[in-house]
Amino acid sequence: MEKILIIDDNNDICLLLERFLSKQGYKTASVQRGDDGLVLLRKEAFELVICDFKLPDIDGLEMLRRIKVMHPTTAVIIITGYSDVRMAVQTVKHGAYDYVTKPLYPDEILYTIKAALERRAQSLNQSKGAPATAAPGTTKVSTTKPSPAKTALTPDGKRFIFGRSRAAEQLQKHIDLIAPTDMSVIITGETGTGKEFVANAIHLKSKRADKQFVAIDCGALGKELAGSELFGHVKGSFTGAMSDKAGSFEFANGGTIFLDEIGNLSYDNQIKLLRVLQERKIRRIGSNQDIPVDVRIIVATNEDLREAVRQGKFREDIYHRIAEFEMHLSPLRERKSDIMIFAEHFLELANQQLEKDIQGFEEEAKDKLKEYYWHGNLRELQNVVKRAVLLTQGDYIEADVLPHEIISPQYFTPEETNAGHVQVNYDPARPGIPVFSQSAANLKSVSENAERAAILKVLEKTGYNKTKAAEVLNIDRKTLYNKLKAYDIHL
Ligand SMILES: Nc1ncnc2c1ncn2[C@@H]1O[C@H](COP(=O)(O)OP(=O)(O)OP(=O)(O)O)[C@@H](O)[C@H]1O
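Bear in mind the structure is a predicted one, so any value in this text is a computation, not a measurement. (Residues numbered from 1 in each chain as written. Predicted model: local features only at pLDDT ≥ 70, side-chain atom pairs only at ≥ 80, totals over all residues.)

Thoughts on the site of the ligand
The following threshold applies: What makes a residue near a molecule or strand is its C-beta atom, placed from the backbone, lying within 6 Å of it. Numbering goes from the N terminus for both helices and strands, where a helix is a DSSP run of H or I of at least four residues and a strand is a run of E of at least two. Either an automatic procedure or a domain database provided the assignment from which the domain bounds are taken.
Close contacts around the ligand come from 16 residues, with Thr191, Gly194, Lys195, Glu196 and Phe197 the closest. Elements with a minimum of two residues in the shell around the ligand: α7 (195-204) and α15 (377-391). Two domains each put at least three residues into the shell around the ligand: domain 2 (154-329) and domain 3 (332-409).

What follows is the structure, given as structure tokens:
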């Protein structure tokens, strides 16, 4: 019987989930504090942990990290409020299976649990035949995306959709133009705009299509781990290197490597990358033997790499080599005519996954989807549609199954924040026309909200690294911590 641990400070949620999951045939336990959860996990292994993002003692990202160090194969699902979805996305990038937003719905949580356990079983089976990997300082590799974890997407049935907007047409042209060449490409765009999908599409249209597409998220790999993950290592080259290991560049030989969040690569690894770019050779950590590699490099970033070059954080020589062709993916809110095209596509996918037959969206639901800001872009839209499909009883998705934040949006957009602050509401009678709330007139709240949003933006850009964020904001770490507390920002 599979064991599930629930960690949530809300006793009612623990009780309800325990009762519900026991009825579904799982063995369950629950605790209300992160520390208690870790104590329990030290004593016994669980196949799956359901963990609240906002615990009183430890934040969700840190909990995930500690669980994965202790039990790399344990699947983790994060529970989050909709306003924390962007943080929750970070947990997925760092190895959580998925996140579910509150309020919790039994069907949704059960579906996610089953899918997580299935994925876990599949990767355990796969890893039986895979080469042994070891991480410095840990006994077993605990990376979220062990190589070659995120390989070609389309073989598992994911279709690449183009929209109808001008941006989409241009994107299609650029992919067709660049794919047959061997040029390096840099793809920029906000989180969830489809950078990895585009990289994969380029690979699949290239003459390398029958070889591997290896995707590595440099943001999710620790500094030490990144070197070994990318370039491999030889046995004994550091504590925990129990056997020789090929890196992603070797796996991708003949194919394409996609380096996501390239800006997070440490200086040492940047130098190694430069060598690949210049000489097309890699050297495993601890080895003095060169291995020739023929790999096309596509990188992505959602930070301003030119600015990182200006600040001396990213090497200019690498930048020029990887930026042979640059593609920018527009945020979803700037290509409104594409929203429903993607929504329909995600509806079709969700119908297949959840074995449902929802026909489409009611007009009001469509309007809400078109009006929303979509901070998390296509990824957020996909999650919203999937949840709506789960919750819909009739044939069409109605507005009331959409998250409250989409039905009545109240947020500050980054652009507005730069220019000061405006709190936006929407009047249902006048879709798309923003209504400014009373509080916008309050100068104190204007500056506080602008400060809060600026902090969030910098945190996002620095991969939620508080030291880096404090540096960029030009304040000391302690001040940043105080502000995080004051503005109720939980990382
Ligand atoms: N063109 C597309 N067609 C169909 N689905 C897409 C497309 N682009 C993106 N998606 C969906 O959106 C999700 C997010 O895309 P992707 O991971 O490529 O974004 P990203 O920009 O690389 O995100 P991040 O910067 O956070 O890593 C994907 O899982 C996929 O389901």
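Regarding the UniProt feature "coiled-coil region" (unreviewed entry) in the chain
Note the following rule: UniProt positions are given in the numbering used here, feature names are shortened, and annotations may be inferred rather than shown by experiment.
Within this numbering scheme, the UniProt entry marks residues 344-371 as carrying the feature "coiled-coil region" (unreviewed entry). End C-alpha to end C-alpha, residues 344-371 measures 16 Å, and it is 71% helix and 7% strand.

Regarding α7
Residue pairs three or four apart in sequence face the same way in an α-helix, which turns once every 3.6 residues. Defined as follows: Partly exposed residues are those whose C-beta has more than 12 but fewer than 20 other C-beta atoms within 10 Å; 20 or more makes a residue buried and 12 or fewer makes it exposed, with C-beta atoms placed from the backbone. In this description, any two residues whose backbone-derived C-beta atoms lie within 7 Å of each other are considered to be in contact.
Across the ten residues that make up α7, a large majority, seven, are buried. Taken together, the buried positions of α7 are Lys195, Val198, Ala199, Asn200, Ala201, Ile202 and His203. As for α7, its buried residues are in contact with α6 (166-178), β6 (185-189), β7 (213-217), β10 (256-260), β13 (296-301) and β14 (325-329).

Some details on the nonpolar core
This is how it is decided: In this usage, the nonpolar core is the set of buried Ala, Val, Leu, Ile, Met, Phe, Trp, Tyr and Cys residues whose C-beta atoms join them within 7 Å.
With 42 residues, the main nonpolar core has Ile187 and Ile257 as its most contacted residues. Once residues within four sequence positions are removed from consideration, Ile257 is found in contact with Val214, Ile216, Ser248, Phe249, Ala252, Val295 and Ile297. Ile50, Leu55, Ala75 and Ile109 belong to the second largest nonpolar core, which has 35 residues in total.

Overview of helix α2 (residues 34-43)
As a reminder of what qualifies: The directions considered for the arc run from the helix axis to the C-beta atoms.
When α2 is considered as a whole, its buried residues turn out to be Gly34, Gly37 and Leu41. Viewed end-on, α2 has its buried residues packed into an arc of 60 degrees, placing them on one side of the element. The exposed set on the far side of α2, more than 90 degrees from its buried face, consists of Val39, Arg42 and Lys43. Where the residues of α2 are buried, they touch β1 (3-7), β2 (27-31) and α3 (60-70).

Notes on the sheet that holds strand β5 (residues 98-101)
Threshold: At least two DSSP bridges between two strands are needed for those strands to be called paired. Orientation is described by lines fitted to C-alpha atoms, with helices fitted over the stretch in contact, and by angles between N-to-C directions that extend from 0 to 180 degrees.
Read from one edge to the other, the open sheet built from five strands follows the order β2-β1-β3-β4-β5, with strand pairing classed as parallel. Only two strands of the sheet have a single partner each, and these edge strands are β2 and β5. In this sheet, neighbouring strand axes are inclined to one another by 20 degrees on average, regardless of whether the strands run parallel or antiparallel. Bridge analysis of strand β3 (residues 48-52) against strand β4 (residues 75-80) gives five bridges, and the strand direction is parallel. Pairing of Cys51 across the sheet is with Ile78, part of β4. Packed onto the sheet, helix α4 (residues 85-93) meets β4 and β5 and runs at close to 155 degrees relative to β5.

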